[in-house]
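Architecture at a glance
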Amino acid sequence: MDDQERQRLVDLYSEIAALAGGLAHEIRNPLSTMSLNLDLLGEELEESDNPRDQKMLKRIHKVQSECQHLNEILNAFLQFARVGELELVEADLNAVVRDFVDFYQPTAREHGIEISPHLESNLPTVKLDQSLMRQVLMNLAQNAQQAMPGGGLLELQTFARDGRVRLEFIDTGEGMDEATRSKLFDVFFSTKQDGSGLGLPTVRKIVQAHRGTISCESERGKGTRFSIALPAAE
Ligand SMILES: Nc1ncnc2c1ncn2[C@@H]1O[C@H](COP(=O)(O)OP(=O)(O)OP(=O)(O)O)[C@@H](O)[C@H]1O
Ligand SMILES: [Mg+2]
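Values in this document were obtained by computation on a predicted structure and should not be read as measured data. (Residues numbered from 1 in each chain as written. Chains lettered and ligands numbered in written order. Predicted model: local features only at pLDDT ≥ 70, side-chain atom pairs only at ≥ 80, totals over all residues.)

**Concerning the overall build of the protein chain**
Within the protein chain, the secondary structure is distributed over six helices and seven strands. Referenced to the eigenvectors of the C-alpha coordinate spread, the extents of the protein chain come out at roughly 70 × 50 × 35 Å. In the protein chain, 72% of the contacts between residues at least 6 apart in sequence involve partners at least 24 apart. (Helix = DSSP H or I, 4+ residues; strand = E, 2+ residues; numbered from the N terminus. Contact = placed C-beta atoms within 7 Å.)

Structure below.
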């Protein structure tokens, strides 16, 4: 591909991304008006003992939950579209992981998940956008949690290898079959009833924006490992 062709594709992509982002914003406002009015309708019906009203209330709850789902998809989409400019600071990945573990620990405990960090000391520093990296950890943890409905073990490892700093995210959850594994990073691919399918595409976009790579190994019934490699700062 020559430079001109590449530029044409970048322009095209930017135009489509801007359009899609604008569309998501435009949908959000009427959706929130709908939601608000449904809440009000629901409140009125709640006061009635009339069976017909109760039936309507059920339907309203159904529509409310669909509105909420749509809103979650829009938020995930906007988050995905927003990953662009990074605010890079030289940081210790271990510190970022430790902060995350502190933050996530109470939720993990609630779900019967034990977190086991193995953080290699004296890691080289990496250039990170800390808030985006937190988003990566949060998304991976959420997936791990959803894959371990009965609880389990979540192992977080860091180590240095070949001039790169590695982060391994390992769960003992349900794992996935080959068909799922091959579509993991596709936008809107989800096996969950109310998944947006934008979690991992966002994760990969963030990792790649850091000039890093991400890969996944998984075995059905055994668990899943995500491996992230980031270039060490000079
Ligand atoms: N740790 C994991 N264990 C098992 N399956 C996983 C794991 N992580 C991801 N998956 C599979 O990959 C799919 C895509 O994940 P992704 O995070 O992109 O979307 P999602 O979790 O379905 O929805 P969202 O993250 O938007 O709520 C999931 O639906 C699930 O099938
Ligand atoms: Mg997810």
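This is not the end of the story, as more comes after the structure.
**Regarding the domain arrangement of the protein chain**
It is common to give the size of an interface as the accessible area that goes away when the parts come together. Its domain assignment divides the protein chain into domain 1 (3-82) and domain 2 (89-231). Computed from C-alpha coordinates alone, the two centres of domain 1 and domain 2 are separated by 28 Å. Each partner contributes to the interface: domain 1 provides seven residues, whereas domain 2 provides six residues. By residue class, the composition of the side of domain 1 that touches domain 2 is four nonpolar, two polar and one charged. (Domains from an automatic or database assignment. Nonpolar A, V, L, I, M, F, W, Y, C, P; charged D, E, K, R; others polar.)

**Focus: the site of ligand 1**
Near ligand 1 there are 23 residues, and of these Asn 143, Ala 147, Ser 190, Gly 195 and Gly 199 occur at the shortest range. Among the elements of the structure, α4 (130-147) and α6 (199-209) are those that each provide at least two residues to the shell around ligand 1. At four residues, α4 tops the list of elements feeding residues into the shell around ligand 1. Among the residues forming the shell around ligand 1, the class breakdown is eight nonpolar, 12 polar and three charged. (Near = placed C-beta within 6 Å.)

**Digging into the pairing of strand β4 (residues 152-161)**
Where strand β2 (residues 113-119) and β4 come together, seven bridges link them in parallel fashion. Paired with Glu 114 across the bridge in β4 is Leu 153. Note: β4 against strand β5 (residues 164-171), eight bridges, orientation antiparallel. For Gln 157, the partnering residue across the bridge sits in β5 and is Glu 168. (Pairing = 2+ DSSP bridges.)

**Looking at the packing of helix α3 (residues 93-110) against α4**
Running from N to C, α3 and α4 point in directions that differ by 50°, and their axes come no closer than 10 Å. The angle between α3 and α4 places the two elements in the oblique class. The crossing of α3 and α4 is right-handed. Touching Val 96, Phe 100 and Tyr 104 of α3 are Gln 130, Met 133, Arg 134, Leu 137 and Ala 141, all from α4. Taken together, the residues that form the contact of α3 with α4 break down as six nonpolar, one polar and one charged. (Axes fitted to C-alpha atoms, helices over the stretch in contact; angles between N-to-C directions. Parallel < 35°, antiparallel > 145°, perpendicular 65-115°, else oblique. Left-handed = near helix turned anticlockwise from the far one by under 90°.)

**Description of helix α2 (residues 51-82)**
For α2, with 32 residues, the first-to-last C-alpha span of 47 Å sits near the 46 Å given by 1.5 Å per residue. Those residues of α2 not exposed but buried are Ala 76, Phe 77 and Phe 80. Of the surrounding secondary structure, the elements contacted by the buried residues of α2 are α1 (3-46) and α6. (Expected span 1.5 Å × (residues − 1). Buried ≥ 20, exposed ≤ 12 C-beta atoms within 10 Å, placed from the backbone.)

**Let's talk about unusual backbone geometry**
The phi dihedral of Asp 162 is positive, around 55°, even though this residue is not glycine. With respect to the helices and strands, Asp 162 occurs in the loop between β4 and β5. Residue class for Asp 162 comes out exposed when judged on the 7 C-beta atoms lying within 10 Å of it. In the Ramachandran plot, Arg 211 falls in the positive-phi region, its phi being about 60° despite a non-glycine side chain. Along the chain, Arg 211 turns up in the loop between α6 and β6 (213-219). Residue classification places Arg 211 among the exposed residues on the basis of 12 C-beta atoms within 10 Å.

**Section: the environment of Ser 65**
Within the element layout of this structure, Ser 65 appears in helix α2. What makes Ser 65 exposed here is the crowd of 11 C-beta atoms within 10 Å. Ser 65 sits 41 residues away from Pro 106 along the chain, and the two C-alpha atoms are 27 Å apart.

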